[in-house]
Amino acid sequence: MLSFGERLAEAVRRRGTSVLVGLDPRIEQLPEIVRKRAGDSASEQAAAYREFCQGVIDVVAPLVPAVKPQAAFFEELGPAGMQALADVIRYARDRGLLVIVDGKRNDIGSTATAYARAYLGAESSAWGADALTVSPYLGADSIEPFVEVGRQRGAGIFVLVKTSNSGGGQFQDLACEGRPLYRHVAEFVERLATAGAGASGYGDVGAVVGATWPEQLAELRQAMPHAWLLIPGFGSQGGTAQHVAAGFDSRGLGAIVNNSRGIIFAHARPEFAGRFKPAEWQQAVEAATREMIAQLPRVASGK
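(A) Seen up close, the sheet that holds strand 10 (residues 255–259). Strand order in this closed barrel of eight strands is 1-2-3-4-5-8-9-10, and the pairing throughout is parallel. Between one strand axis and the next, the sheet turns through 30 degrees on average, direction left out of account. Both strand 8 (residues 205–209) and strand 9 (residues 229–231) contribute to a ladder of two bridges, which runs parallel. The partner of valine 208 across the bridge, within strand 9, is leucine 230. Here helix 3 (residues 42–60) sits on the sheet and contacts strand 1 (19–23) and strand 2 (66–69); the angle it forms with strand 1, its principal contact strand, is near 165 degrees.

(B) Spotlight on helix 10 (residues 214–223). Listed in full, the buried residues belonging to helix 10 are Gln216, Leu217, Leu220 and Arg221. Down the axis of helix 10, the sector holding all buried residues measures 140 degrees, keeping them to one side. Pointing more than 90 degrees away from the buried face of helix 10 are the exposed residues Glu215 and Gln222.

(C) Spatial organisation of the pairing of strand 1. Burial within strand 1 is extensive, with five of its five residues counted as buried. Of the two faces of strand 1, the one holding Val19, Val21 and Leu23 and the one holding Leu20 and Gly22 are both buried throughout. The pairing of strand 1 with strand 10 spans three bridges and is classified as parallel. Bridge pairing links valine 21 to asparagine 259 in strand 10. With four bridges joining them, strand 1 and strand 2 adopt parallel strand pairing. The partner of leucine 20 across the bridge, within strand 2, is alanine 66.

(D) Structural view of the packing of helix 9 (residues 181–195) against helix 10. The N-to-C vectors of helix 9 and helix 10 enclose an angle of 35 degrees; their axes lie 10 Å apart at closest approach. Viewed along their axes, helix 9 and helix 10 form a crossing whose handedness is right-handed. Listed contacts from helix 10 to Tyr182, Arg183, Ala186 and Glu190 of helix 9 are Gln216, Glu219, Leu220 and Ala223. When the residues that make up the contact of helix 9 with helix 10 are grouped by side-chain class, the tally is four nonpolar, one polar and three charged.

(E) Region of interest: the environment of leucine 20. Following the sequence through the fold, leucine 20 ends up in strand 1. C-alpha separation for the pair leucine 20 and lysine 68, spaced 48 residues apart in sequence, amounts to 7.0 Å. If near-sequence neighbours (up to four positions away) are discounted, leucine 20 is found in contact with Ala66, Val67, Lys68, Ile100, Leu230, Ile256, Val257, Asn258 and Asn259.

(F) Structural view of the environment of valine 161. By the element assignment, valine 161 lies in strand 5 (residues 156–162). Sequence separation between valine 161 and alanine 186 is 25 residues, and the spatial gap between their C-alpha atoms is 6.3 Å. In this structure, valine 161 is in contact with Gln172, Tyr182, Val185, Ala186, Val189, Ala207, Val208, Val209 and Leu220, ignoring residues within four places of it in sequence.

(G) Examining the side chain of asparagine 259 more closely. By the element assignment, asparagine 259 lies in strand 10. Leave out the neighbours within four places in its chain, and asparagine 259 touches Leu20, Val21, Gly22, Phe234 and Met292.

(H) Inspection of the pattern of salt bridges at higher detail. One pass over the structure, following the stated rule, counts 18 salt bridges. The shortest N-O distance in the salt bridge between arginine 183 and glutamate 219 comes to 2.9 Å. Of this pair, arginine 183 sits in helix 9 while glutamate 219 sits in helix 10, and the two are 36 residues apart along the sequence. When its relative accessible area of 23% is taken as the criterion, arginine 183 is described as partly exposed.

(I) Local environment of helix 9. Its 15 residues place the ends of helix 9 22 Å apart at the C-alpha level, agreeing with the 21 Å of an ideal helix rising 1.5 Å per residue. Residues Tyr182, His184, Val185, Ala186, Phe188, Val189, Glu190, Leu192 and Ala193 constitute the buried set of helix 9.

(J) Inspection of the environment of alanine 211 at higher detail. On the secondary structure map, alanine 211 appears in the loop between strand 8 and helix 10. Setting aside chain neighbours within four positions, we find alanine 211 in contact with Ile231, Pro232, Gly233, Phe234, Gly239, His243 and Val244.

(K) Looking closely at the packing of aromatic side chains. Applying the stated criterion to the full structure yields seven aromatic pairs. With a centroid separation of 5.7 Å and 10 degrees between ring planes, the pair formed by phenylalanine 52 and phenylalanine 265 is classed as stacked. A residue pair is termed long-range when its members are at least 10 positions apart, and phenylalanine 52 in helix 3 and phenylalanine 265 in the loop between helix 12 (261–264) and helix 13 (270–273) qualify at 213 residues. In this structure phenylalanine 52 comes out as buried when scored by relative accessible area, which is 0%. Classification of phenylalanine 265 by relative accessible area gives buried; the value is 4%.

Conventions we followed
- Residues numbered from 1 in each chain as written.
- Predicted model: local features only at pLDDT ≥ 70, side-chain atom pairs only at ≥ 80, totals over all residues.
- Heavy atoms only, no water.
- Pairing = 2+ DSSP bridges.
- Helix = DSSP H or I, 4+ residues; strand = E, 2+ residues; numbered from the N terminus.
- Axes fitted to C-alpha atoms, helices over the stretch in contact; angles between N-to-C directions.
- Contact = heavy atoms within 4.5 Å.
- Buried < 20%, exposed > 50% of the residue type's maximum accessible area, 1.4 Å probe, protein only.
- Arc of directions from axis to C-beta.
- Left-handed = near helix turned anticlockwise from the far one by under 90°.
- Nonpolar A, V, L, I, M, F, W, Y, C, P; charged D, E, K, R; others polar.
- Salt bridge = Lys/Arg side-chain N within 4 Å of Asp/Glu carboxyl O.
- Expected span 1.5 Å × (residues − 1).
- Phe/Tyr/Trp six-rings, centres within 6.5 Å; stacked < 30°, edge-to-face > 60°.

In structure tokens:
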């Protein structure tokens, strides 16, 4: 069984790009043709989320290596939403995409193991994700169960190190033994990544590092040479191709760059709204995806 780090490297090479499409459905931002079929009930809105995300997947599956469903938008709708999330994960995997669930889970001992068993492993878990975002705040014994389960199942995790939100520095930048706290987390992530590194040089434990902190991104790329970086903050949060450039190695590997709203709601962007009719929202998604692919470093394709 290939490790998650190697599977991600293969997927990035196969598509020739490091674009990661975030699936963050919001009822008020869905294309009108989808939204008008959604009523007020949770089950109707969940059905709209399922239809919309599957429509996005149909477009991006031939173009990108992975998608990242944000669990919160599905959880908000209760059981119907969680069933929609399961359907979306399965649909994406059936179309050859890796799936990173953005759940930011964390706990200790048997509870952490239960979270890991629930989410990690395409063939072994209830949700069937290839990777999961994880918070490190509870320490090593809250991370290691995820790593152990992931390695048993060829899955991985992305640990929050330097997040893209403006308030992230409140704790992440605090000085501890002469260094920011995020550097201590990065050191821990690098140890885990090194232990699971494969032929690509990257392990199955990665780090979330925001595009909104380009100087720290460059610093953390050097501090974690064996860790895949999941870079949020591109597009709607202000991150640009220049901001994320330092996240890649000389081969164009080592990072996946997430764009959610800028791609999935491209139909509402002025430059695309004028080009595509409301019913052509999927064409706007494709145009936005191709635009981002062109902006990022080209990865040598494995095709």
